[in-house]
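# Geometric and topological summary
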Amino acid sequence: MLQSVDRLLREVTGPLQDRCGPQARVLTAEVHGDEVRGLAFCPGKVLRYVLAARNRRIKTTEMLRLARTSRQPAA
């Protein structure tokens, strides 16, 4: 599974964008045996992902969600 960084990022970006949309971006990628793990950014969210090399399945977990305030500013 040891590859160049650019190839590794391309392999992760495809399944990530299929799952989270075209604006998803990979922040980090680390090889752990037959898995690639790391962090990704989707609009409004930071995700942790695990990509299985054998079947190219990606599992994501939301780590941080950015929320908009509903409070009105003081007059």
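Residues numbered from 1 in each chain as written. Predicted model: local features only at pLDDT ≥ 70, side-chain atom pairs only at ≥ 80, totals over all residues. Heavy atoms only, no water.

### Some thoughts on the overall build of the protein
Spelled out, the test is: Secondary structure elements follow DSSP: runs of H or I of four or more residues count as helices, runs of E of two or more count as strands, with numbering from the N terminus. All radius of gyration figures rest on C-alpha atoms, and the globule criterion is 2.2 Å times the number of residues raised to 0.38. Partly exposed residues are those whose accessible area sits between 20% and 50% of the maximum for their type, while under 20% is buried and over 50% is exposed, using a 1.4 Å probe and protein chains only. Contact between two residues is taken to exist if any of their heavy atoms lie within 4.5 Å; hydrogens are not considered. Here the positive residues are Lys and Arg and the negative ones are Asp and Glu; neither His nor the chain ends is included. Charge positions are represented by NZ for Lys, CZ for Arg, CG for Asp and CD for Glu.
Each helix and strand in the protein was counted, giving 1 helix and 5 strands. Over its C-alpha trace the protein gives a radius of gyration of 15 Å, far above what one expects of a compact globule, namely 11 Å for 75 residues. Viewed in the frame of its principal axes, the protein has a C-alpha envelope of about 60 × 20 × 20 Å. Classification of the 75 residues of the protein by burial places 21% in the buried group. Partitioning the intrachain contacts of the protein with sequence separation of at least 6 by distance along the chain shows that 19% fall at a separation of at least 24. Averaging the positions of the 14 positive and the 7 negative side-chain charges in the protein gives two centres separated by 8 Å.

### With respect to a nonpolar patch on the surface
How we decide: Like charges within 9 Å and nonpolar side chains (Val, Leu, Ile, Met, Phe, Trp, Tyr) within 5 Å are joined into patches, using only residues over 30% in relative accessible area that form no salt bridge. Computed with the Shrake-Rupley method and a 1.4 Å probe, the accessible areas treat only the protein chains shown as cover for residues. Each reported salt bridge corresponds to a side-chain nitrogen of Lys or Arg within 4 Å of a carboxyl oxygen of Asp or Glu.
A cluster of nonpolar side chains, L27, L39, F41, M63, L64 and L66, forms an exposed patch at the surface whose accessible area comes to about 550 Å². If you list the elements that add at least two residues to the nonpolar patch, you get β3 (35–42) and β5 (58–65). As for its position among the elements, L66 is in the segment after β5. Judged by its relative accessible area of 53%, L66 falls in the exposed class.

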